[in-house]
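Structure at a glance
Residues per chain are reported as follows:
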Amino acid sequence: MSVAQIVVERAREEGASKALSVTVEVGELSGVTPEALEFCYEAAVMGGLAEGSRLVIKRVPAVAVCGECGETFAPNERIFVCPKCEGFTASLKSGEELAVIEIEVE
Amino acid sequence: MAKTLEIRKNVLAKNDEIARENREFFQSRGLAALNFVSSPGAGKTSLIVRTINDLKARVNFAVIEGDQQTDNDAKKIEQTGAQVVQINTVSSCHLDADMIKKSLGSLDMDGAKYLFIENVGNLVCPASYDLGEMMKVAVMSVTEGEDKPVKYPKMFRVSSALVITKTDLLPYLDFDVDLAVDYALKVNPAIKVFKVSVKNGEGLEGWYNFLLTLSDAAGR
Ligand SMILES: Nc1nc2c(ncn2[C@@H]2O[C@H](COP(=O)(O)OP(=O)(O)OP(=O)(O)O)[C@@H](O)[C@H]2O)c(=O)[nH]1
Ligand SMILES: [Mg+2]
Ligand SMILES: [Zn+2]
């Protein structure tokens, strides 16, 4: 799990001795569930400077844009059919994020 | 004294970095690396085994098998005589570039022209993880819904080829192959489609011819 790697790397760069909290952005369609992430995170930070830190998960809703008519819509499950023109070429504008946003260290 | 550091680092960025190294490695060896993705049970292992058996007199293969648990699939591959390494992803539902990089050490790929990577059966996450492959091959069986490509558009968009398997079962099903192909082409007009049966061999010629052109491309 590389969320932990990113955290530890950055905290070291700062000369910090401990990470207190970590904020991540997780898109609705990132394929990562908050439960799985929490579980992996806890295990991954064990024994390191981020052990015991709080994981704050920000969910990002999925937003798709139709390639044909430009309509913006929330894709229904994974069906990316445009509700306006029924086009199939919509692309995701957001919803696939998996990023470490900030960390609190001391 | 606590302070907050802004990071904004994409977790996948690290994966992409390693994938780039893998890709360079494959290219430097003229190895055509294919990442097979599908829903569970679509027929990836069967397709890989049959392909190797039918072509092994002409070319050598190496295989990386990704499964959450067990090495059942790796054992099936082993019987073909091809080199195989098993990765158990355990809690992860996909292979990532680092797992591939680490497993490359246990394969002696001398003489191999193809590296087949069987991903974990899942149409969601594997679409986001570049392994450094030359292309992704989506496998879909006629026992699934025709609308799979529309339900998982990302996977079909990032795949260069689609193998529709188990066509021997068509007489017993209502599956509309043309409709499935239509859907796939709608989300990815460039995708190359092959309709095959691993059981009776139907359609495999076209798939093999396609594969053989890939090795020429990689060997250049
Ligand atoms: N009738 C028929 N059955 C097939 C064909 N290809 C595969 N099967 C059967 O489908 C089942 C699943 O095949 P596998 O090759 O194990 O599928 P897989 O995609 O590797 O499965 P996972 O690795 O578990 O995701 C097996 O029982 C195969 O015998 C085919 O062309 N025709
Ligand atoms: Mg398999
Ligand atoms: Zn539209």
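Small disclaimer: the values here were computed from a predicted structure and weren't measured.

All names here are of chain B. Protein-derived ligands of the magnesium ion (ligand 2) are T45 (OG1), D73 (OD) and E118 (OE), with the metal-ligand distances lying across 2.1 Å. Along the chain, the residues donating to the magnesium ion (ligand 2) are arranged with the sequence spacing T-x27-D-x44-E. Here the residue T45 occupies a position in helix α2 (residues 44-55), and E118 occupies one in strand β5 (residues 112-118), the gap between them amounting to 73 residues. Accessibility assignment for this pair places T45 and E118 in one class, buried.

For the rest of this paragraph, the subject is the coordination of the zinc ion (ligand 3). At 2.3 to 2.4 Å from the zinc ion (ligand 3) lie its protein donor atoms, namely C66(A) (SG), C69(A) (SG), C82(A) (SG) and C85(A) (SG). Given 4 donor atoms and angles of 104 to 114° at the metal, the environment of the zinc ion (ligand 3) is assigned as tetrahedral.

This part is about the site of ligand 1. Residue and element names in this part refer to chain B. K44, T45, S46, D168 and V198 are the nearest of the 17 residues found near ligand 1. In the model, an oxygen atom of ligand 1 is placed 3.0 Å from a nitrogen or oxygen of the G41 main chain. In this structure, an oxygen atom belonging to ligand 1 sits 3.3 Å away from a main-chain N or O atom of A42. Coverage of ligand 1 by the protein amounts to 70% of the 650 Å² it exposes when considered alone. Top element by residues in the shell around ligand 1 is α2. It accounts for 3 residues. Residue composition of the shell around ligand 1, by class: 4 nonpolar, 7 polar and 6 charged.

Quick look at the pairing of strand β1 (residues 19-27) of chain A now. On any regular strand, side chains alternate: one points to one face of the sheet, the next to the other face. Residues and elements named next belong to chain A. Burial runs high along β1: 7 of the 9 residues are buried. Judged from the 7 bridges that link them, β1 and strand β2 (residues 54-60) form a sheet pairing that is parallel. Note that in β2 the partner of G27 across the bridge is V60. Following the backbone out of β1, through helix α2 (residues 34-45) and into the adjacent parallel β2, one traces a crossover that is right-handed.

Residue and element names in this part refer to chain B. Look at R8: it is not a glycine, yet its phi comes out positive at around 50°. Locating R8 in the fold gives a position in strand β1 (residues 3-10). With a phi close to 65°, K166 is a non-glycine residue in the positive phi region. Note on placement: K166 falls in the loop between β7 (159-165) and α7 (177-187).

So, on to the side chain of S215(B). All names here are of chain B. As for its position among the elements, S215 is in helix α8 (residues 204-219). Taking the relative accessible area as the measure of exposure, S215 reaches 8% and is therefore buried. Residues contacting S215, with those up to four places away along its chain left out, are A32, K113 and Y114.

Each value, and the rule that gives it
Residues numbered from 1 in each chain as written. Chains lettered and ligands numbered in written order. Predicted model: local features only at pLDDT ≥ 70, side-chain atom pairs only at ≥ 80, totals over all residues. Heavy atoms only, no water. Donors = N, O, S within 2.8 Å, 3.2 Å for Na, K, Ca; no water. Helix = DSSP H or I, 4+ residues; strand = E, 2+ residues; numbered from the N terminus. Buried < 20%, exposed > 50% of the residue type's maximum accessible area, 1.4 Å probe, protein only. Tetrahedral: all angles 85-135°; square planar, octahedral: opposite > 155°, others 65-115°. Near = heavy atom within 4 Å. Polar contact = N/O pair within 3.5 Å; in protein donor to acceptor, adjacent residues only side chain to side chain. Areas by Shrake-Rupley, 256 points an atom, 1.4 Å probe, with all protein chains shown as cover. Nonpolar A, V, L, I, M, F, W, Y, C, P; charged D, E, K, R; others polar. Pairing = 2+ DSSP bridges. Right-handed = clockwise from strand over helix to strand, strands pointing away. Contact = heavy atoms within 4.5 Å.

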